[in-house]
Structures are given as structure tokens and as C-alpha cells.
Amino acid sequence: LFLSSSSKAAAGKAQIQQEPSAETTEGQAINITCSHPNIETRDYIYWYWQLPGRAPAFIVSTLKDSKAVLEPAGTLFVGAERRSSALQLSPPRRRDAAVYYCALGA
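Quick summary incoming for the structure in this document. All of these numbers come straight from a predicted model, not from anything done at the bench.

**Some details on unusual backbone geometry**
- For the peptide bond that leads from Glu71 to Pro72, omega is 0 degrees, which places it in the cis range.
- Residue Pro91 is reached from Ser90 by a cis peptide bond, and omega for that bond is -5 degrees.
- Mapped onto the elements, Pro91 comes out in the loop between strand E9 (84–89) and strand E10 (99–105).
- A positive phi angle is found at Glu81, which is not glycine, with a value near 60 degrees.
- Among the secondary structure elements, Glu81 is positioned in the loop between strand E8 (74–78) and E9.
- Taking relative accessible area as the criterion, Glu81 reaches 58% and is therefore assigned exposed.

See below:
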């Protein structure tokens, strides 16, 4: 099961950093991490995924709290001071192989 993540910098300021890829076996939990050290007080944290041949689709958003996620199955964890987040897929399935994006926005 191969997962990849992607990010784009906002104009003039790197807002988001993600590892370029992650790999696991089916059923073995994995964390897809996102660093956002310059997050603003009112910024929400958004996660999306893009399955092969599909447009990106919304997964979850939060202002500060960790949340359970139904599809793909897992949990969104938010780090101390909201400077990082991690989407934990547990357990990941073959159909969860996708590109994962995190983003910030009001």
C-alpha cells in the first residue's frame, strides 16, 4: 500500500510541509504527517485525498481538536499549539492508496 502526500506554498510564505511519500502494508496503521508552523489563530486545518483517476475529495477539517475520520478510516490528530497534524489510517486498506493533501484556511 503506497501513500503519497503533496503540498504547495502560499505566496511568499511556506505554510505547509509534508513528507513526499509513505508506504505500509494493508492493515498496518500509518501516520501521514503535515507541518504547519506558521498557522494563524483562525486557520482551520483541512485534509483531502485524491484517488487514482479522481478529483481531490474532502476528508476532514478542524480548528484544533482531534477527530475520528470515517473515510478513509482513521483519526486526525492535531499537535501541540496546532503546528502539526497527522492523519492516522487505522487500519489502511488497499483502496486507501492515494495522494493526501493538507491545507490551511479561514
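The rest of the description comes next.
**What to know about the sheet that holds strand E2 (residues 17–18)**
- One open sheet holds the five strands; their spatial order is E2-E4-E9-E8-E7, and the pairing between them is antiparallel. Each of the sheet's edge strands pairs with one partner strand only, and the pair in question is E2 and strand E7 (67–69).
- Strand direction decides the pairing type here: E7 and E8, joined by three bridges, are antiparallel. Along E8, the bridge assignment pairs Lys67 with Leu76.

**Things to note about the state of the cysteines**
- By the definition in use, this model includes one disulfide.
- Each sulfur in the disulfide pair Cys34 and Cys102 lies 1.7 Å from the other. Residues Cys34 and Cys102 are joined through a disulfide that is right-handed, its torsion about the S-S bond being 55 degrees. Of this pair, Cys34 sits in strand E4 (residues 30–35) while Cys102 sits in strand E10, and the two are 68 residues apart along the sequence. Like Cys102, Cys34 is buried.

**Things to note about the pairing of E8**
- On E8, burial follows the alternation: Gly74, Leu76 and Val78 on one face are buried, whereas Thr75 and Phe77 on the facing-out side are not.
- Here five bridges tie E8 to E9, and the two strands are oriented antiparallel to one another. When the sheet's bridge partners are listed, Leu76 is paired in E9 with Leu87.
- Linking two consecutive strands that pair antiparallel, namely E8 and E9, is a turn of five residues; a positive phi of about 60 degrees is found at Glu81 within it.

The rules behind the values
- Residues numbered from 1 in each chain as written.
- Predicted model: local features only at pLDDT ≥ 70, side-chain atom pairs only at ≥ 80, totals over all residues.
- Heavy atoms only, no water.
- Helix = DSSP H or I, 4+ residues; strand = E, 2+ residues; numbered from the N terminus.
- Buried < 20%, exposed > 50% of the residue type's maximum accessible area, 1.4 Å probe, protein only.
- Pairing = 2+ DSSP bridges.
- Disulfide = S-S within 2.5 Å.

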